[in-house]
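Residue-level structural notes
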Amino acid sequence: MRIVCSDASSQILLSVVTPISKMAGRLQRLEEWLSSVANSPMEVILIHDRQDAMTGPQIQSLLSKISNPKIQLIEDYFGSPGLARNRGIELAKGNWICFWDSDDLPNLGVALGLINSDLASKADCLITNFDSVNEISKEVIAHQLTANFEEELGLNPGLWRMYFKYSAVADLRFGPLRMAEDQIFLAEFFSKSRDVKIVSDTTYSYFFGESFHLTKNSSALNDLAPATIESLRILRNLGNQRLNLIAGMFVKQVISGIKYGSVKTKRVVITQYLKSLLTSPKTVRNSVFSSSKKAIVAKVK
């Protein structure tokens with residue numbers, strides 16, 4: 001394991017944890033927002049999963065150029081984004097924590113303003129709006145939550161749009177799956193009583209469409225099979241706490257597994273879906289059915 005870091009003496013309001021893997025030649029957006037960290041009350045913990053020989057030296061070169069003691073680099077072998085994020089949770093010193101991807105573009109000023117607001121002082125989690133950007137067509141789509149945020153959020157969760165009070169997630173950890181591990185983390189988080197605040201600010205631009213994303217990785221997509229099993233387990237053990245939100249994430253996993261998974265994965269996710277409708281408590285059946293209808297209308301991808 002290699003750790004490159006320096007201590008920063010000022011108070012840390014926000015810890016940003018960013019897993020990086022096989023990103024050689026694609027660090028431009030990471031460099032853009034890291035250059036904006038400057039003297040802001042935040043720390044950035046870059047977790048490099050050493051899956052190739054080129055990404056590490058490029059990250060180190062980037063950090064040498066920026067030279068900010070509030071940015072630290074941890075290099076080790078993790079095998080999944082979730083396990084890499086766990087190292088970040090263990091190292092974080094901020095009052096708040098978030099999980100940003102290395103190939104996207106967050107708005108640091110807006111994010112820090114929210115964390116430092118009166119609203120944040122009364123919340124365990126802040127959920128913001130975001131833009132999605134098609135890297136091929138360059139089309140930008142704004143995603144804004146409405147009052148019916150639970151079902152909308154379930155079908156389009158986006159871990160990176162959320163900010164968590166550190167004390168609320170200090171004991172939570174991501175699983176080893178390469179797909180939907182963030183949704184299972186969120187299901188575990190929201191299955192407990194949480195003070196969640198929805199804010200209208202846009203803090204993040206999510207980029208999609210390139211072939212290197214995990215959503216294009218057939219091996220990673222097969223992790224959707226165990227993900228649906230775990231999500232249904234959580235659903236069945238819930239009361240009414242955030243039931244529609246977690247049901248929406250479960251339905252999203254099922255749809256993705258059917259569309260992109262192997263034959264074996266398709267069988268597993270379909271079996272879990274049928275169990276959710278035929279052998280689960282009525283509240284779970286109703287929520288899964290409602291989310292399924294909304295997913296069809298929204299044409300979930």
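Scroll up for the structure.
This is a predicted model, so every value here is computed, not measured.

**Thoughts on the side chain of threonine 228**
Relative to the assigned elements, threonine 228 resides in helix 10 (residues 224-236). Beyond its immediate stretch of four places on either side in the chain, threonine 228 contacts Phe250, Gln253, Val254, Val268, Val269 and Gln272.

**Looking at a nonpolar patch on the surface**
There is a patch of nonpolar side chains on the surface, built from Ile258, Ile270, Leu274 and Leu278 and spanning about 360 Å² of accessible area. Here the nonpolar patch takes 3 residues from helix 12 (residues 263-278), the largest share from any one element. Looking at the element boundaries, leucine 278 is found in helix 12. A relative accessible area of 65% places leucine 278 in the exposed class.

**A closer look at helix 3 (residues 81-91)**
Of all the residues in helix 3, the buried ones are Pro81, Gly82, Ala84, Arg85, Asn86, Gly88 and Ile89. Those residues of helix 3 hidden inside the fold are in contact with strand 2 (14-20), strand 3 (42-49), strand 5 (96-99), helix 7 (166-169) and helix 8 (181-190).

**Some details on the pattern of salt bridges**
All chains considered together, the criterion is met by 11 salt bridges. Across the pair glutamate 181 and arginine 85 runs a salt bridge, and its minimum N-O distance is 2.8 Å. With glutamate 181 in helix 8 and arginine 85 in helix 3, the pair connects residues that are 96 residues apart, well separated along the chain. Accessibility assignment for this pair places glutamate 181 and arginine 85 in one class, buried. As a salt-bridge pair, aspartate 195 and lysine 197 come within 3.4 Å of each other at their nearest N and O atoms. Owing to a relative accessible area of 30%, aspartate 195 belongs among the partly exposed residues under this scheme. Each of Asp76, Arg87 and Glu90 takes part in a single network of salt bridges with overlapping partners.

**Thoughts on the packing of aromatic side chains**
Here the structure, examined in full by the defined rule, presents 14 aromatic pairs. The interplanar angle of 55° and the centroid separation of 6.2 Å between the aromatic rings of phenylalanine 99 and phenylalanine 164 together place this pair among those described as tilted. In this pair, phenylalanine 99 sits in strand 5 while phenylalanine 164 sits in strand 9 (residues 162-165), placing the two residues 65 residues apart along the sequence. Looking at phenylalanine 164, the relative accessible area reads 0%, which means it is buried. Ring centres 4.9 Å apart and planes at 15° place the aromatic pair tryptophan 160 and tyrosine 206 in the stacked group. Linking tryptophan 160 in the loop between helix 6 (149-155) and strand 9 with tyrosine 206 in strand 10 (residues 196-208), this pair joins segments that are 46 residues apart in sequence. If you follow arginine 29 out to its NZ or CZ, it ends over the ring of phenylalanine 207, 3.8 Å from the centre. One residue, arginine 85, lies across the ring of phenylalanine 174, its end atom 4.9 Å from the ring centre.

Conventions and cut-offs
- Residues numbered from 1 in each chain as written.
- Predicted model: local features only at pLDDT ≥ 70, side-chain atom pairs only at ≥ 80, totals over all residues.
- Heavy atoms only, no water.
- Helix = DSSP H or I, 4+ residues; strand = E, 2+ residues; numbered from the N terminus.
- Contact = heavy atoms within 4.5 Å.
- Patch = residues over 30% accessible without salt bridge, like charges linked within 9 Å, V, L, I, M, F, W, Y side chains within 5 Å.
- Areas by Shrake-Rupley, 256 points an atom, 1.4 Å probe, with all protein chains shown as cover.
- Salt bridge = Lys/Arg side-chain N within 4 Å of Asp/Glu carboxyl O.
- Buried < 20%, exposed > 50% of the residue type's maximum accessible area, 1.4 Å probe, protein only.
- Phe/Tyr/Trp six-rings, centres within 6.5 Å; stacked < 30°, edge-to-face > 60°.
- Lys NZ or Arg CZ within 6 Å of the ring centre and 35° of its normal.

In short, shape yes, function no, at least from these values alone.
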